[in-house]
Amino acid sequence: MFGYYLDLAFRSLKRNKVLTALMVIAIAVGIGASMTTLTVMRLLSGDPIPARSAHLFYAQIDPDPTPGDRKEPYDVIDYQSAVDLWSAHRADRQTLIIESPVRMRAPDVNLPAMMPAMASITADFFSMFDVPFQYGNGWTAEDDTKRAQVAVISADLNQKLFGGANSVGRTLRLRDTDVRIIGVLKPWRPSPLFYMVAGAHYANGDTADLYSKTEDIFTPFFTGLELNDGNFSQYTCWHLPDHPGHLRNSPCVWVRLWVQLGDSSKVVAYKQFLDGYAAQQKVLGRIVRPQNTRLRSLMQWLDYEGVVPSDVRLQTWLAFAFLAICLFNTIGLLLAKFLRRGGEIGVRRALGATRGAVFAQCLVEAGMVGLIGGIVGWLLTLAGLWLVRQQSVPYADLAHLDASMFLLTFALAIAASLLAGVLPALRASRLPLGLQLKTL
Amino acid sequence: MQIQPILAALRRHRLATLLIALEIALACAVLCNACFLIANRIALIHLDSGVDQSSLATVQLTGYEDNQANDLNARVLAGFRGIAGMQSVSVLNSIPFGARRGTAGMTLDQAGQKFGGVVEFYVGGPGSLEALGVKLVAGRGPQMDDFQAFTGLMPNNASVQITRTLANHLWPGADPLGKTFWLGDLQYRVVGVIDHLVRPDPGRWPGDSKDWSIFVPAQTGVFLSGSYLLRADPKDLPRVLREARDLVRKVAPDAVLDQDGSKTLDDLRTEGFQKDRAMIGMLVGVIVSLLLATALGIVGLASFWVQQRRRQIGIRRAIGATRRDILHYFQIENFLIVSGGIALGMLLAYALNLLLMQHYELPRLPLYYLPIAALVLWGLGQLAVLGPALRAAAVPPVVATRSV
């Protein structure tokens, strides 16, 4: 029966090409617009590290000694709290993160000095975040404590300096310190750059920068702190620091602490540990709001920060409003199409077709419009994503259609057309039989 | 032409009428708000920076040590001043549309209890405020002894110039001259008011706070170095900038030139508003496709009605209706449906605007958008229905005598 309906639908669509084309265009344009924005939206609001995100947590305390009421702690923490919490090693894994631009040269490469971003982190960083290595490895916990002069570099930097060759064992000059390269990353592009996200909720929705590439150089935390002292910038300070850029014991917050916690009991235990630390620091007089500790999971943190750029959200809403208009349009056109065939439907009904059969046939026809609309819509989506890639936004290189979004394009197109078809099909199947036959 | 029979006919096509009206309503809501968004973005792109940006460029240097800063400043300033066509070179920590180095929260009392707002401190060496070309509207500009040496991030006890919008925000209705404010323990006294001086990153700040800037005069030194403001005739500027960038290698071989940051202010501004331009493009695209989709929907349904009513049209023509009457019938019918849609659409537009105001930094939709949108949609409807209506008017009276 379905085959017969398909045949009927095909004939009917061929009969009135203009009306069919109008419907297909309406569906296709609506689908193209909404799938383009939906793909970008999914890209930007998705889980940057699905295998691990459930076990990654962002720890915060409120080290600001200024009295007063403050609901939320600062987005990052001060050096002393960070190092205290980190060195307690209460989580399965933990890493401190600071970032600074550093003057860099490769002594045996003939390129002028550059100022790439350097992340200074602790050994667990690579295993916590599943960072893929092309050559070599990260460093050990021992390297952290003895301030080993080693570095891991990004695939980009390796390409720029060494043409992509295995550069493990070669030397980089970071400011005045020589470090040995012990690892080169594979191309790694978490979206957003989740471990650096902070302060986004003050950005007034202008958060596209959170989707930029990773740092080019990774050094052990204390090594980086030492070699680039004086070049760190604070998130904020409650007093102006005496020596700007030298933040180790400054009245400033600037360090991130990420922990990995295997199960919910460990999460509870770690939160208690955080609270305990804050309470103890209050006794010491360093902290005035010990209740302001937070332990958000990765996705909760991204949600709290509001990482998706407001422009992208707005575009998605617009696209769906547009799809809705296209749907109304399709409903109207389908209605015209089905009712115009009143006579034909009358004959089929008179020959014994049930209302259900007529309804089903009409829906098949609507679905077919959706399918064709889906194909055109898919092409339009590809064109739309190409347009996104031409924009100068940090996430431009990420805008591609993956398999699931490809399938969703067709699912959405057919679902939309079926939805649009229900009302006209219902009308068509309820046409008074006698009247239609009489006018034939 | 009587409206009564048209309404009676529409009552028999409730579903189709409702669909067209809803489509128009939705189109009206999206149209109003999309146009409003476009107008806001255009206003942002064209915002008055208060500086002579087409005469200005910047060179940004990094990668030098603190103890090299004074030497670097001296060599760069001397070197750049030798470039033919250079009108002035000065040091300025933050650059409009460029580097942002002085964003901080200030207070109106020393205890830090009365928060004033998060503002931009432009710390600049001698000549930088003149080079910017801002307009002084009250008080005085910086004098030679205002430029004091400093050691921390910012000078203390400085005499500063603030923008008029910031003055109005901090001391509404009062004379800002002579007023003091604090940044932590550092104290500042207002001696001049400038017309406009935009923040380096205006797109991130809502409303008037785009213009909350303070100029703090200071001697160049460790914490005022590496960020240079170049002024030249707009015609010479690209060449002057190119020569300055080349010169860096000679006068400051140890410093690293920030390639992306060293541009003309016009270029920086264009880049800064790139995403707003993209957004405008997208909105215009949506509006055009939306109007097109709506028009096509009207054409489709009207054609169907015309075909369905061929016989009735024939009868009317046979008993004396002119072609013009038939044409007007369809035109008035369309006008009535679109009017219904617009009425609903205006409410929807307002609701959508309220929603947008909640989630985005967007002001209230000005009322004059509504009649304009109504005119556009009426026009669109009439244009779309014209073809089918002309076809209807062409139906010959003889159709009435045929039994289909």
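Residues numbered from 1 in each chain as written. Chains lettered and ligands numbered in written order. Predicted model: local features only at pLDDT ≥ 70, side-chain atom pairs only at ≥ 80, totals over all residues. Heavy atoms only, no water.

## Observations concerning the domain arrangement of chain B
Step number 1: Domain parsing of chain B yields domain 1 (4–45 + 275–401) and domain 2 (64–254).
Step number 2: The gap between the C-alpha centroids of domain 1 of chain B and domain 2 of chain B is 54 Å. (Domains from an automatic or database assignment.)

## Overview of the interface of chain B and chain A
Step number 1: With 48 residues of chain B at the contact, the number on the chain A side is 43 residues.
Step number 2: Around 4,000 Å² of area is buried between chain B and chain A when both sides are counted, 69% of it from carbon and sulfur atoms.
Step number 3: By the criterion of area lost to chain A, the three top residues of chain B are B:Leu15, B:Arg204 and B:Tyr360, representing 16% of everything that side buries.
Step number 4: Where chain B meets chain A, there are four salt bridges.
Step number 5: Residues A:Asp311 and B:Arg41 are paired through a salt bridge, measuring 2.7 Å at the closest nitrogen-oxygen approach.
Step number 6: Where chain B packs against chain A, one counts eight residue pairs in polar contact (both at pLDDT 80 or more).
Step number 7: Mapped onto the side of chain B that touches chain A, the elements with two or more residues apiece are helix H2 (14–45) and helix H8 (274–308) of chain B.
Step number 8: At 18 residues, H8(B) tops the list of elements feeding residues into the side of chain B that touches chain A. (Contact = heavy atoms within 4.5 Å. Buried area = accessible area lost by both parts, 1.4 Å probe. Salt bridge = Lys/Arg side-chain N within 4 Å of Asp/Glu carboxyl O. Polar contact = N/O pair within 3.5 Å; in protein donor to acceptor, adjacent residues only side chain to side chain. Helix = DSSP H or I, 4+ residues; strand = E, 2+ residues; numbered from the N terminus.)

## Let's talk about the nonpolar core
Step number 1: B:Leu132 and B:Leu377 are the most contacted members of the largest nonpolar core, which has 106 residues in total.
Step number 2: Once residues within four sequence positions are removed from consideration, B:Leu132 is found in contact with B:Val51, B:Asp52, B:Leu56, B:Leu92, B:Pro96, B:Leu197, B:Leu229 and B:Arg231.
Step number 3: A:Ile97, A:Ala123, A:Phe218 and A:Leu298 belong to the second-largest nonpolar core, a separate cluster that totals 51 residues. (Core = buried A, V, L, I, M, F, W, Y, C linked by side-chain atoms within 4.5 Å. Buried < 20%, exposed > 50% of the residue type's maximum accessible area, 1.4 Å probe, protein only.)

## A look at the packing of helix H3 (residues 69–81) of chain B against helix H6 (residues 237–251) of chain B
All names here are of chain B.
Step number 1: Close contact between H3 and H6 brings their axes to 10 Å; oriented N to C, the two are set at 135°. Relative to H6, the element H3 lies oblique. When you trace H3 past H6, the crossing you get is right-handed. Here H3 contributes Arg-75, Val-76, Gly-79 and Phe-80 to the contact with H6, which in turn contributes Ala-244, Leu-247, Val-248 and Val-251.
Step number 2: Class assignment for the residues of the contact of H3 with H6 results in six nonpolar, one polar and one charged. (Axes fitted to C-alpha atoms, helices over the stretch in contact; angles between N-to-C directions. Parallel < 35°, antiparallel > 145°, perpendicular 65-115°, else oblique. Left-handed = near helix turned anticlockwise from the far one by under 90°. Nonpolar A, V, L, I, M, F, W, Y, C, P; charged D, E, K, R; others polar.)

## Remarks on the pattern of salt bridges
Residues and elements named next belong to chain A.
Step number 1: Scanning the entire structure with this criterion turns up 37 salt bridges over all chains.
Step number 2: Residues Asp-69 and Lys-71 are paired through a salt bridge, measuring 3.5 Å at the closest nitrogen-oxygen approach.
Step number 3: A relative accessible area of 64% places Lys-71 in the exposed class.
Step number 4: In this structure, Asp-275 engages Lys-271 in a salt bridge whose closest nitrogen and oxygen atoms are separated by 3.3 Å. Of this pair, Asp-275 and Lys-271 both sit in helix H8 (residues 264–283), four residues apart, which is roughly one turn of the helix.
Step number 5: For Lys-271, a relative accessible area of 27% corresponds to the partly exposed category.
Step number 6: Overlapping salt bridges bring together Arg-15, Arg-341, Glu-344 and Glu-365 as one network.

## Regarding the sheet that holds strand S10 (residues 227–232) of chain B
Residue and element names in this part refer to chain B.
Step number 1: Across the sheet, which stays open at both edges, the four strands sit in the order S2-S10-S1-S11 with antiparallel pairing between neighbours. In this open sheet, the two edge strands, each paired with only one partner strand, are strand S2 (86–91) and strand S11 (256–257).
Step number 2: Two elements, S2 and S10, share five bridges in a ladder whose sense is antiparallel. Counted as the bridge partner of Val-91 is Tyr-228 from S10. (Pairing = 2+ DSSP bridges.)

## Side note on a nonpolar patch on the surface
Step number 1: A surface patch of nonpolar side chains, about 520 Å² in accessible area, is lined by A:Leu371, A:Ile372, A:Ile375, A:Val376, A:Leu379, A:Leu380 and A:Leu382.
Step number 2: When you line up the elements, A:Val376 lands in helix H12 (residues 355–390). (Patch = residues over 30% accessible without salt bridge, like charges linked within 9 Å, V, L, I, M, F, W, Y side chains within 5 Å. Areas by Shrake-Rupley, 256 points an atom, 1.4 Å probe, with all protein chains shown as cover.)

## A few points about the confidence of the model for chain A
Do not read the fine detail of predicted coordinates wherever pLDDT is low.
Step number 1: Confidence along chain A averages 91 in pLDDT terms, with 99% of residues attaining 70 or more.
Step number 2: Within chain A, the element-level pLDDT minimum falls on helix H14 (residues 433–438) of chain A, averaging 68, and the maximum on strand S9 (residues 217–220) of chain A, averaging 97. (pLDDT = per-residue confidence, 0-100.)

## Concerning the UniProt feature "domain: ABC3 transporter permease C-terminal" (unreviewed entry) in chain B
Step number 1: Look at the UniProt record and you will see "domain: ABC3 transporter permease C-terminal" (unreviewed entry) annotated at residues 286–395 of chain B.
Step number 2: Within residues 286–395 of chain B, the helical portion is 85% and the strand portion 0%, while the C-alpha atoms at the span's ends are 37 Å from each other. (UniProt positions renumbered as here; feature names shortened; annotations may be inferred.)

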